[in-house]
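Listed here are the chains, written in short residue letters.
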Amino acid sequence: MEMKTNFDVIVMGGGPAGSTVASILAREGRKVVLFEKERFPRHHIGESLMTDTYFTFQRMGLLEKLKASPFVRKYSVQFANPAGKESRPFYFFEANHHESAVTWQVTRAQFDLMLIEHAAEQGAEVYQETQIKRVLFDGARAYGVEARMTNGSLQQFTAPVVVDATGQTAMLSNKFGWRVRDPQLKKAVLFSYFKGAHREPDLNGGATLVLRTPEGSNGWFWYIPLENDITSVGVVADPEYLVQGRGQDLAKIFHEEIEKVESCRRRVAGAERVDKIYSIIDYSYRSKNFAGDGFILIGDAYGFLDPIYSSGVLLALKMAELAANSIHDAFNHDDFSGARLGQFQAKLDKGIESMRKLVYAFYNEGFSFAQFLQKNPDQRVNIINLLMGDVFKEGVDNIYGPMAEFAYIPPPLYEHFDDAPAEIEGSTDASEQVLSAKYQYYDDRPAMQESGD
């Protein structure tokens, strides 16, 4: 079996986390190889970026490409209650007087393709349609991977650091039994795409809309304007409400839910649905550990948080940056231990917890940003900072003291973890413990050609 040994870093997975860490490391002088099991472009959800991604794009040299792209510009987030009363927009420039206060609504197929191609342009060696069969370990230390190449051959690649960016497959976290679900964040999702749906003619035309569903559903609609007059529309709710006992006709369920939400119904009136109905069961989870000897976890391979505030891509990019920093530090000290590679876990988890608390607040039935701000107007900037993704900002968590009067604010997720340290050796195979959400779809358009995904 052929073995390639001249790499500094192996990256498993070419989504936003993997492509970003590969771009940064290659751009900053490391020899990187990246493996992606699919061929891009491919369909994916998670289309609304948070503005704090700007600084990662700047570091990886992607800003000019994004500025030249056809992606819709996003200036704000707006909310509506179940009765259809809409908040005034939360404009990011209220808290941030920099060009980073504007971000993008992206079609993920094209955005992810841009990212993986950019990684190759920065010097990473990229293999698509290449399946990682296993990570190679010497005792507890990772030192490489075995990959099934496009010609069918098995090849081994070695490097001092292996980055797991395998998404919700979470190859290493599942292998070691590190992944823990959030006890209250399990949601069912139905979504599709409309052409000709309403959008405002001004700055609000690019806003992400969060439209609450009726009481008892514990859910909401997203409404995300994309390029070419396409709008992504999805409903997120408790599975018991959304899908149980309602039959197999997902299109019927989806359109019944639209009819119940005036703010969504009037926006899609007269629009044409141009894609299938996608369904997902979403679990929020996090790994007990960010790294081990010779390896590090980033993106959904480390954790996934409910999509309510569109934090997925932001957290993936921030993890990629923190991983790049710790990898550089590991090379500088010739120390590839889990302690050194995982040195930023506390900082990362603090940021995730800042967003997680806001997620829990939203799912408190009857919680209203308007009512909260009526009593605490000084917290508007903190809300905007969180909606921008500035989750590491000092003092941003100060919002949760006064917010606790209006909603349940949870303790850190790690308080649900066992105190016993996780074991590496003797752990079970990943296939036995996979908790990942899986895409399914319902296509009720027999006369229409499916969109590529």
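Draft legend 1. Just the sheet that holds strand β9 (residues 131–138), in detail. Taken in spatial order, the 4 strands make up an open sheet running β1-β11-β10-β9, and their pairing is mixed. Looking at which strands have only one partner, the edges of the open sheet turn out to be β1 (2–4) and β9. With direction set aside, neighbouring strand axes in the sheet form an average angle of 25 degrees. Here 3 bridges tie β1 to strand β11 (residues 154–158), and the two strands are oriented parallel to one another. Along β11, the bridge assignment pairs Lys4 with Phe157.

Draft legend 2. The arrangement of the side chain of Lys187 in detail. Relative to the elements of secondary structure, Lys187 occurs in strand β13 (residues 179–195). One polar contact links the side chain of Lys187 to the main-chain carbonyl oxygen of Asn218, over a distance of 3.0 Å. Side-chain polar atoms of Lys187 contact the side chain of Asp238, separated by 2.6 Å. Ignoring any residue separated from it by four or fewer positions in sequence, one finds Lys187 in contact with Asn218, Val236, Ala237, Asp238, Pro239, Ile280, Ile281, Asp282, Asp306 and Tyr363.

Draft legend 3. Quick look at the environment of Gly299. If you trace the backbone, Gly299 turns up in the loop between β20 (295–297) and β21 (303–304). Among the residues examined, Gly299 registers a relative accessible area of 1% and is labelled buried. With 17 residues separating them along the chain, Gly299 and Ala316 place their C-alpha atoms 4.1 Å apart. Residues in contact with Gly299, not counting those within four places in the same chain, are Ala17, Ala316 and Met319.

Draft legend 4. Up close: the pattern of salt bridges. With the rule as written, the count across this model stands at 31 salt bridges. Between Glu86 and Arg266 there is a salt bridge, with its nearest N and O atoms 2.7 Å apart. Of this pair, Glu86 sits in the loop between β5 (76–80) and β6 (90–91) while Arg266 sits in helix α8 (residues 262–268), and the two are 180 residues apart along the sequence. Exposure remark for Glu86: the relative accessible area of 26% places this residue in the partly exposed category. Across the salt bridge formed by Lys252 and Glu256, the nearest N and O atoms sit 2.5 Å from each other. Taken as a pair, Lys252 and Glu256 lie in helix α7 (residues 250–260) at a separation of 4 residues, close to a single helical turn. It is possible to trace a salt-bridge network through shared partners that takes in Glu28, Asp52, Arg59, Lys318 and Glu321.

Procedures and definitions
- Residues numbered from 1 in each chain as written.
- Predicted model: local features only at pLDDT ≥ 70, side-chain atom pairs only at ≥ 80, totals over all residues.
- Heavy atoms only, no water.
- Pairing = 2+ DSSP bridges.
- Helix = DSSP H or I, 4+ residues; strand = E, 2+ residues; numbered from the N terminus.
- Axes fitted to C-alpha atoms, helices over the stretch in contact; angles between N-to-C directions.
- Polar contact = N/O pair within 3.5 Å; in protein donor to acceptor, adjacent residues only side chain to side chain.
- Contact = heavy atoms within 4.5 Å.
- Buried < 20%, exposed > 50% of the residue type's maximum accessible area, 1.4 Å probe, protein only.
- Salt bridge = Lys/Arg side-chain N within 4 Å of Asp/Glu carboxyl O.

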